[in-house]
Amino acid sequence: MIPSPIATFDPAAPTGQPDFPQDRWYVAGFAWELGDKPLARTLLGQPLVLFRTAEGSVAALEDRCCHRALPLSLGTLEQDGLRCGYHGLLFGADGRCLEIPGQAKVPGKALVKAFVLRERDQILWLWHGSAAPDREPPAYPHHDSGQYRFGGDVYHYAAPWQLIHDNLLDLSHLGYVHLRTIGGNARIHMNAQMQVSGDEQSVRVVRHMLDSEPPPTYRDAYPFKGRIDRWQEIEFQPSHLCIWTGAVDAGSEPIDTPERGGFHLRGFHGVTPETKETCHYFWTQATNPQADPEENLSRVLEQTRLTFDEDKQVIEAQYANLLRFGERPMVDIHVDAGANRARRIIASLLAGQA
């Protein structure tokens, strides 16, 4: 049996243990979210303001003016930085106060904490650690390769982040939760060929469902001739997951080669804690529609949102019930192998940092 997920969030746990794995990049948002206004977002327990400078670089500061504590996210963006909306103090991307209206001298202590924020492949990455980054943010080339069209969005969950990991690493639920979109036959999902592998930092789950009926999303987006051979490949890292799903006409070609054809869905899933009990879910879906690309992409994204709405309802209800019934052991079944492995990775990382 596996322990209840709420055991990870025990408020009586030793205070020396960090809440989340440190010294790594976490998803903070998407490039298109930063326009002409600052963006408020709490990540990893830290209230932040995210913004883009006039030169086009991205920045993250503590969302608190050092003068009278107004959230800087209520301020305005200017050529030289972010101006507080209370008394007009102007802050640069490094957190230093550049100007105090009506006062010639700016005190050296007039600054706010700055955080390392990077933009790569249209994803915003926040460094969470006690030292400066020792590596670049993860690459995700499918956004800009030209092979796919994509879109995405942000969800806020009233549930802990590892419940999202559990959901994404176990796609057997598709046949029960997502009947209207990407589901398909529930029995085939539960009996799919599955391989689970990984190391101290990652989990890989591969599932094959041969000679199955295409679900509604697949049938609408791609001209399949009839039954399909379907794959699901999930790559887990503590900060995000990459899920490559798709299908080819049954028996037409192997589905375990990188060059496979057919219909593709490449999902990016950034799961970042807000607090111990809440999280942000940043997702994109990239696809390769064969005809009417914009119309088919719009349809795929609409149906993707429907599936995530269904997941959100299930996960938040699950967490509410975990709180209602308290910490109890839960029975493990075969489809939990990937999720259990991911939980052991997070637990090991936290124990190593305690």
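What comes next concerns the included structure. These figures come from a predicted structure and were not determined experimentally.

**Notes on the packing of helix α1 (residues 161-169) against helix α5 (residues 293-325)**
Moving on, step 1. Interaxial distance between α1 and α5 falls to 11 Å at its minimum, and their mutual angle equals 130°. As far as their axial angle goes, α5 and α1 are oblique. The element α1 and its partner α5 pack so that their crossing is right-handed. Here L163, I164 and N167 of α1 lie close against α5, whose contacting residues are D311, I315, Q318, Y319 and L322.
Moving on, step 2. Residues of the contact of α1 with α5, tallied by class, amount to five nonpolar, two polar and one charged.

**Here's the deal with the sheet that holds strand β14 (residues 203-212)**
Moving on, step 1. Taken together, seven strands build an open sheet; the order of strands is β12-β18-β17-β16-β15-β14-β13 and the sheet is antiparallel. For this open sheet the edge positions go to β12 (149-157) and β13 (193-198), each flanked by a neighbour on one side alone. On average, each strand axis in the sheet is tilted by 15° relative to the strand beside it, whichever way the strands run.
Moving on, step 2. For β12 and strand β18 (residues 279-287), the ladder comprises nine bridges, and the chain directions are antiparallel. Considered in β18, the bridge of V154 is made with F282.
Moving on, step 3. Strands in contact with α1 are β12, β14, β15 (228-237), β16 (240-249), β17 (263-273) and β18; relative to β17, the strand with the most contacts, it is inclined by about 160°.
Moving on, step 4. Contacts from α5 reach β12, β17 and β18, with the element oriented near 20° to β12.

**Comments concerning helix α6 (residues 337-353)**
Moving on, step 1. For α6, built from 17 residues, the straight-helix expectation of 24 Å at 1.5 Å per residue is met to within 8% by its first-to-last C-alpha distance of 25 Å.
Moving on, step 2. For α6, every residue scored as buried is listed here: G338, A339, N340, A342, R343, I345, I346, L349 and L350.
Moving on, step 3. At its buried positions, α6 is contacted by β1 (24-30), α1, β13, β14 and β15.

**Comments concerning unusual backbone geometry**
Moving on, step 1. Not every positive phi belongs to a glycine, and L44 is a case in point at roughly 55°.
Moving on, step 2. Looking at where L44 falls in the secondary structure, it is placed in the loop between β2 (39-43) and β3 (46-52).
Moving on, step 3. You can call L44 buried: its relative accessible area is 10%.
Moving on, step 4. In this model, A69 sits at a positive phi of 70°, which is unusual for a non-glycine residue.
Moving on, step 5. Within the secondary structure layout, A69 lies in the loop between β4 (58-62) and β5 (76-77).

Rules of the game
Residues numbered from 1 in each chain as written. Predicted model: local features only at pLDDT ≥ 70, side-chain atom pairs only at ≥ 80, totals over all residues. Heavy atoms only, no water. Axes fitted to C-alpha atoms, helices over the stretch in contact; angles between N-to-C directions. Helix = DSSP H or I, 4+ residues; strand = E, 2+ residues; numbered from the N terminus. Parallel < 35°, antiparallel > 145°, perpendicular 65-115°, else oblique. Left-handed = near helix turned anticlockwise from the far one by under 90°. Contact = heavy atoms within 4.5 Å. Nonpolar A, V, L, I, M, F, W, Y, C, P; charged D, E, K, R; others polar. Pairing = 2+ DSSP bridges. Expected span 1.5 Å × (residues − 1). Buried < 20%, exposed > 50% of the residue type's maximum accessible area, 1.4 Å probe, protein only.

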